[in-house]
Amino acid sequence: QPTHPYDAARLPGGGLSVRRAGPGEQLTTLDGEVRTLGDGDDCVIGDAEGTAVGIGGIMGGGSSEIHDGTTSVVLEAAWFEPMVIARTSKRLGLRSEASARFEKGVDSGSVERAAARYCELAIALCGASVADRTVWRDEQHAPTPATLTLRTARVNRLLGTRLSHEAIDRHLTSIGFAVERTDPALATVTAPSWRPDVTIEEALIEEVARHHGYGNVEHAVPTTPRVGRLTPRQREQRFVRDILCGLGIHEAMGSPLLGPGDHDRAGLPEKHRVVADRPLVVEESVLRGSLLPGLLRSIALNVGQRASEVRLFEIGRVWDRPEGDSDVVLGEPDRRAIGPAAGLPVETERLAVALWPAAATDATSVWEVISDALRLASPGVRRIDDAHEPGLHPTRLASARVGNMSIGVLGEVDPAVLDAWGIEGRVAWLDLALDGLHGADRRSETTVEVSRFPSSDIDLAFVVDDHVAAADVGATLRAAAGPLVTGLALFDVYRGPGVAQGHRSLAYRLRFCALDRTLKDAEVGEWRTAAIRAVESAHGATLRG
């Protein structure tokens, strides 16, 4: 508790007063410096007539300094508002032992005890006598001890303990806190005057922890809420990326802007595209309506660098307009409301895979891997009869489906398009709508028991008309071969000598396996016969030797 003695003979009126400093008021402090006060809440200690004799809580004035001839002393012991002392000390550039203590906050209840101890020492050591003891208390500004509510459940939740309310009360009362309870779950705690730092419930909990002992708290890893996370759609997109990378397909990062003529070279309609009115470069002035032009450009670039194969995929947004709508020019000042009804383009997000050199069956294989990894319910491929997809081969084209819903298209790029980009060979193509992929039905996540018995494989090759879809033949095989079919794969497509014109050979491998036994040749033979008859009946097929 800082105290300050004044020479009573140098104090007019023989007493002290406390007030705010006047504007521009000056005082010569004990260090001989002239200080200018009056800016803000500067506190002045004055004599009985009001003349400044010290800066409250920081340093006394030289006019009332103790000296060798001092015989009568007036003692000041006080409590000051910490922030008032801190602001004055900083503004004046004057820091003392007293200001350092008052800034941190001293015990407001120790002022009278400190003054009494000073008098006791003066009497014992100097033979002094006490003429008067005057205590002035400003009730309006005097600090009052903080009274807080402490919840037993809150204490144990933060500390990870199981303390009873009696143990909590014992820890707090042992260090001077007053605790009152009308409910075991709730306590009213009054902090002692020497703890001005305790102003919130967590400060009380910290005191309980210190006196209970941190070493007595059981070790546990606290759980925290996850702040920020990917949406289910974003997580699924990352999963699809991992699947394609696992297939050895590299991700391409194409520009959403193309140049004039790029759509036309890819076999896509050039009209009704979104163009910029003031593009930085002409080569990037049209928003893409498909991922095909960008991936073909990447393939052509790699082929030009003598790459032996190119396997690329891209996930990106495309912009398209209903046929017959007028062009949209970015930057128009009279733009109308956004949306298809206003004549503006529809923005969608798609996944595209381009493989070179590869055939349509390779695109089908990629679709099967994706659909199996995402657990899509009843995925399949259906031939698109008498349909035309811009940029794709008209007879090597199919719809990727989940149940009765079309998710996208797969097949091969039109040879005329490949010639326009300077690409020799065949390019397999898969284009999926991510909205449809994300919203498609899924199979159950329940695991399937794995058989401990060996499987049996049979290979069947059928000659069918070119108009018969391979996926339809596969579906017929799966339905007719019985419940123990665990695998069905198309492993060869053949056209040439031995197969009539307008027909092709489709070779499938069927795998049978039981959970409870090793299958006998007779059983597998019966399913083989049933499968052959079903395909021959449903599709007019002929078993190829």
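A brief look at the structure comes next.

### Brief notes about the sheet that holds strand β20 (residues 392-402)
Overall, mixed pairing links the seven strands, which are arranged β12-β16-β18-β22-β21-β20-β19 in an open sheet. Among the strands making up the open sheet, the edge pair consists of β12 (250-251) and β19 (379-383). As paired elements, strand β21 (residues 405-413) and strand β22 (residues 428-433) share five bridges and run antiparallel to each other. Among the inter-strand pairings, G411 is bridged to a residue of β22, identified as W429.

### Focus on the pairing of strand β6 (residues 52-55)
Direction of pairing for strand β5 (residues 43-47) relative to β6: antiparallel, over a ladder of three bridges. Bridge assignment links G46 to a residue of β6, and that residue is A52. Counting the residues that bridge the hairpin from β5 to β6 gives four residues, and of these G50 lies at a positive phi of roughly 95°. Inspection of the sheet shows β6 paired to strand β7 (residues 59-60) by two bridges, in the antiparallel sense.

### Topic: a nonpolar patch on the surface
Judged by side-chain polarity, I66, V73 and Y118 come together as a nonpolar surface patch covering roughly 230 Å² of accessible area. For I66, a relative accessible area of 36% corresponds to the partly exposed category.

### Remarks on the pattern of salt bridges
Per the counting criterion, the structure on display carries 35 salt bridges. Residues D41 and R20 are paired through a salt bridge, measuring 2.7 Å at the closest nitrogen-oxygen approach. Here the residue D41 occupies a position in the loop between β4 (34-36) and β5, and R20 occupies one in strand β2 (residues 16-20), the gap between them amounting to 21 residues. Judged by its relative accessible area of 57%, R20 is exposed. When the shortest N-O distance is used, the salt bridge between E103 and R95 registers 2.8 Å. A residue is classified by how much of its surface remains accessible, and R95, at 53% relative accessible area, is exposed. Bridged by salt links that share partners, the residues R233, R317, E347, E349 and D435 form one connected network.

### Describing unusual backbone geometry
Between W356 and the following residue, P357, the backbone shows a cis peptide bond with an omega angle of -15°. Note that P357 resides in the loop between β18 (346-356) and α10 (360-373). Located in the positive-phi region is R375, a residue other than glycine, with phi close to 55°. Structurally, R375 is set in the loop between α10 and β19. For R375, a relative accessible area of 25% corresponds to the partly exposed category. Phi is positive for S378, close to 55°, though the residue is something other than glycine. The topology assignment puts S378 in the loop between α10 and β19.

Cut-offs used in this document
Residues numbered from 1 in each chain as written. Predicted model: local features only at pLDDT ≥ 70, side-chain atom pairs only at ≥ 80, totals over all residues. Heavy atoms only, no water. Pairing = 2+ DSSP bridges. Helix = DSSP H or I, 4+ residues; strand = E, 2+ residues; numbered from the N terminus. Patch = residues over 30% accessible without salt bridge, like charges linked within 9 Å, V, L, I, M, F, W, Y side chains within 5 Å. Areas by Shrake-Rupley, 256 points an atom, 1.4 Å probe, with all protein chains shown as cover. Salt bridge = Lys/Arg side-chain N within 4 Å of Asp/Glu carboxyl O. Buried < 20%, exposed > 50% of the residue type's maximum accessible area, 1.4 Å probe, protein only.

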